[in-house]
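Listed below, chain by chain, are the residues.
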Amino acid sequence: MIELAVASLIFMMGIAGLLAWLVQQAAMNESSRNLTWAMNDAGRVFEQLRQQNTSDTCLTPTVQPPGGASWNE
């Protein structure tokens, strides 16, 4: 009977560890998804700024990139 109680305790500890790991993975997946959305949004905004800076209405860029680089590189 004692062996059954010890085996049940070990089994429950293993299940608790797996559940904790699962919760942690879900939180990390959500964080990664949010970071991906933020990076996509930032890329879209930068692309819009680049297009505004190279359109016919703006022949000369109003803001120069640091170090004398070009926006088109």
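We now turn to the structure provided with this report. (Residues numbered from 1 in each chain as written. Predicted model: local features only at pLDDT ≥ 70, side-chain atom pairs only at ≥ 80, totals over all residues. Heavy atoms only, no water.)

Turning to the overall build of the chain, a few remarks are in order. Scanning the chain from terminus to terminus reveals 1 helix and 0 strands. Evaluated residue by residue, the chain yields a buried proportion of 4% over its 73 residues. Carbon together with sulfur atoms contributes 67% to the accessible area of the chain, which is approximately 6600 Å² in total. (Helix = DSSP H or I, 4+ residues; strand = E, 2+ residues; numbered from the N terminus. Buried < 20%, exposed > 50% of the residue type's maximum accessible area, 1.4 Å probe, protein only. Areas by Shrake-Rupley, 256 points an atom, 1.4 Å probe, with all protein chains shown as cover.)

Attention shifts here to a nonpolar patch on the surface. Taken together, the side chains of Phe-11, Met-12, Ile-15, Leu-18, Leu-19, Trp-21 and Leu-22 present a nonpolar region at the surface, about 770 Å² in accessible area. Position of Leu-18 relative to the elements: it lies in helix H1 (residues 2-54). Leu-18 sits in the exposed class, given a relative accessible area of 55%. (Patch = residues over 30% accessible without salt bridge, like charges linked within 9 Å, V, L, I, M, F, W, Y side chains within 5 Å. Salt bridge = Lys/Arg side-chain N within 4 Å of Asp/Glu carboxyl O.)

Scanning the entire structure with this criterion turns up 2 salt bridges. Put simply, Asp-41 and Arg-44 hold a salt bridge, and the shortest N to O gap is 3.0 Å. Of this pair, Asp-41 and Arg-44 both sit in helix H1, separated by 3 residues, roughly a single helical turn. Classification of Asp-41 as partly exposed rests on a relative accessible area of 37%. Among the salt bridges present, the one from Arg-50 reaches Glu-47, with a minimum N-O distance of 2.8 Å. Pair noted here: Arg-50 and Glu-47 are both in helix H1, with a separation of 3 residues, about one helical turn. Classification of Glu-47 as partly exposed rests on a relative accessible area of 33%.

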